[in-house]
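Commentary on secondary and tertiary structure
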Amino acid sequence: GGGASSPLWRQMLADCSGKEVRISATVEASALGAAMVAAAGVGLYPSIVAAAEAMAGDTTPVAPDEAAGARYRRLIDIYAGLYQASAETSHRLVAFAAGDET
């Protein structure tokens, strides 16, 4: 299940990406994905896309919310400045932890 079992996480992923997210009916999605790759790799399907289309089974769509997506994009702009704003402090904390407090 992981994140796919959380309705909030699924909606956030759709909103942030601006793309429809499709939820597999299986709880073993990682194993299913590996099987799709293997099936394409041994030639049962001409491509991974073809294998996925044939093997995915029923999925539940989660549509993105454009207003929420716009808010997430604004947050990304704020988040992007965090490294520069905290880099010196982070370096000082690493030096402190290493015992080099110069």
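Use the structure listed above.
Since the model is a prediction, treat every value here as computed from it, not as a measurement.

In this section: the overall build of the protein. Along the backbone of the protein there are five helices and two strands. Reading the secondary structure of the protein in the N-to-C direction produces α-β-α-α-β-α-α. The C-alpha atoms of the protein give a radius of gyration of 21 Å, which is well past the 13 Å a tight globule of 102 residues would have. When the backbone C-alpha atoms are referred to their principal axes, the protein occupies close to 60 × 35 × 25 Å. Summarising the internal contacts of the protein: among those between residues at least 6 apart in sequence, 58% fall at separations of at least 24. Accessible surface, the protein as shown: approximately 7700 Å² in total, 62% of it carbon and sulfur. Of note, the protein has its 7 positive side-chain charges centred 7 Å away from the centre of its 11 negative side-chain charges.

It is at 8 Å that the axes of helix α2 (residues 29-41) and helix α3 (residues 48-55) come closest, and there the two elements cross at 130°. Relative to α3, the element α2 is oriented oblique. Here α2 runs over α3; the crossing is right-handed. Every residue of α3 that contacts α2 at L32, A35, M36, V37, A39 and A40 is listed here: I48, A51, A52 and M55. Here the residues of the contact of α2 with α3 are counted per class, giving 10 nonpolar, no polar and no charged.

Each value, and the rule that gives it
- Residues numbered from 1 in each chain as written.
- Predicted model: local features only at pLDDT ≥ 70, side-chain atom pairs only at ≥ 80, totals over all residues.
- Heavy atoms only, no water.
- Helix = DSSP H or I, 4+ residues; strand = E, 2+ residues; numbered from the N terminus.
- Rg over C-alpha atoms; globule rule 2.2 N^0.38 Å.
- Contact = heavy atoms within 4.5 Å.
- Areas by Shrake-Rupley, 256 points an atom, 1.4 Å probe, with all protein chains shown as cover.
- Lys, Arg positive; Asp, Glu negative; His and termini not counted.
- Charge placed at Lys NZ, Arg CZ, Asp CG, Glu CD.
- Axes fitted to C-alpha atoms, helices over the stretch in contact; angles between N-to-C directions.
- Parallel < 35°, antiparallel > 145°, perpendicular 65-115°, else oblique.
- Left-handed = near helix turned anticlockwise from the far one by under 90°.
- Nonpolar A, V, L, I, M, F, W, Y, C, P; charged D, E, K, R; others polar.

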